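Listed below are the residues making up each chain.
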Amino acid sequence: ESEEAPPPDPRAETMWGHDVSTAQSRAKENGKLVLLDFTGSDWCHPCMALHDFVLTQPEFLNYAEKNLELVELDFPQNKSIDKKLAEANDKLAKKYNIDGFPTIIVLDAAGKIVHRDVGYSGKNAKAYTANLQKALAR
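Starting from 1, residues in each chain are numbered consecutively following that chain's sequence as written. Thresholds applied to this predicted model are a pLDDT of at least 70 for local features of residues and 80 or more for the giving and counting of side-chain atom pairs; totals over whole chains, interfaces and linings are not thresholded and use all residues. With hydrogens and water stripped out, all remaining heavy atoms of the structure feed into the side-chain values.

As for the sheet that holds strand E3 (residues 68-74)
Inclusion rule: Any two strands between which DSSP finds at least two bridges are classified as paired. Each helix is a run of H or I in the DSSP string that is no shorter than four residues. Each strand is a run of E no shorter than two, and both are numbered from the N terminus. Throughout, a contact is declared for two residues whenever any of their heavy atoms are within 4.5 Å. Every axis corresponds to a line fitted to the C-alpha atoms, with the helix fit spanning only the stretch in contact, and the corresponding angles, defined between N-to-C directions, vary from 0 to 180 degrees.
Read from one edge to the other, the open sheet built from 5 strands follows the order E1-E3-E2-E4-E5, with strand pairing classed as mixed. Pairing within the sheet leaves two strands with one partner each, and these edge strands are strand E1 (16-17) and strand E5 (113-118). Of the strand pairs in this sheet, strand E4 (residues 103-107) and E5 are connected by 5 bridges, and their pairing is antiparallel. When the sheet's bridge partners are listed, valine 106 is paired in E5 with histidine 115. Seen against the sheet, helix H2 (residues 20-30) touches strand E2 (33-39), E3 and E4 and runs at an angle of roughly 170° to E3. Packing against the sheet, helix H3 (residues 45-55) makes contact with E1, E2, E3 and E4, and its axis sits at approximately 140° to E2.

A closer look at the pattern of salt bridges
Short version of the rule: Counted as salt bridges are all cases of a side-chain nitrogen of Lys or Arg within 4 Å of a carboxyl oxygen of Asp or Glu. For the exposure calls, accessible area comes from a 1.4 Å probe over protein chains only, and a residue counts as buried if that area is under 20% of its type's maximum, exposed if over 50%, partly exposed in between.
Within the structure shown, the criterion is met by 6 salt bridges. The salt bridge involving glutamate 69 is made with arginine 26; its shortest N-O contact spans 3.6 Å. Of this pair, glutamate 69 sits in strand E3 while arginine 26 sits in helix H2, and the two are 43 residues apart along the sequence. Taking relative accessible area as the criterion, arginine 26 reaches 44% and is therefore assigned partly exposed.

What about helix H6 (residues 125-136)?
Note the threshold: A helix is expected to span 1.5 Å for every residue after the first. The directions from the helix axis to the C-beta atoms are what the arc is built from.
For H6, spanning 12 residues, the distance from its first C-alpha to its last is 16 Å, which sits close to the expected 16 Å at 1.5 Å a residue. Of all the positions in H6, only Ala125, Tyr128, Thr129, Leu132 and Leu136 are classed as buried. Buried residues of H6, seen end-on, are gathered within an arc of 95° and therefore sit on one face of the element. Within H6, the exposed residues directed more than 90 degrees away from the buried face are Lys126 and Lys134.

So this is what it looks like as structure tokens:
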């Protein structure tokens, strides 16, 4: 049985958006990168683990607050999401050739891919964030 994830940081609620263009204009203004999380929030176990153990945790959000605009692109199987949102997410999945979940893509403000990571290795938030920081150091 997998370990329990620590409780989510309340900031996760406000920091994770669903609109790439909003995130990109914010990133331009604030000199940040845009992180896209392509996830299947209600069926993909590695996605849920990544979400619970990393993406909603303080160590990750502390880094994100200063460096990233966060966008969740969800492809659920059991719950319904807004039709427009679902269509937009599908377009983005095609655009970025998403063929596995979770896929994390980081874009610069101009929309160029600077990092891509498929799957979840099980690292905790601290280790995951350290790796991401290394990958994005420029």
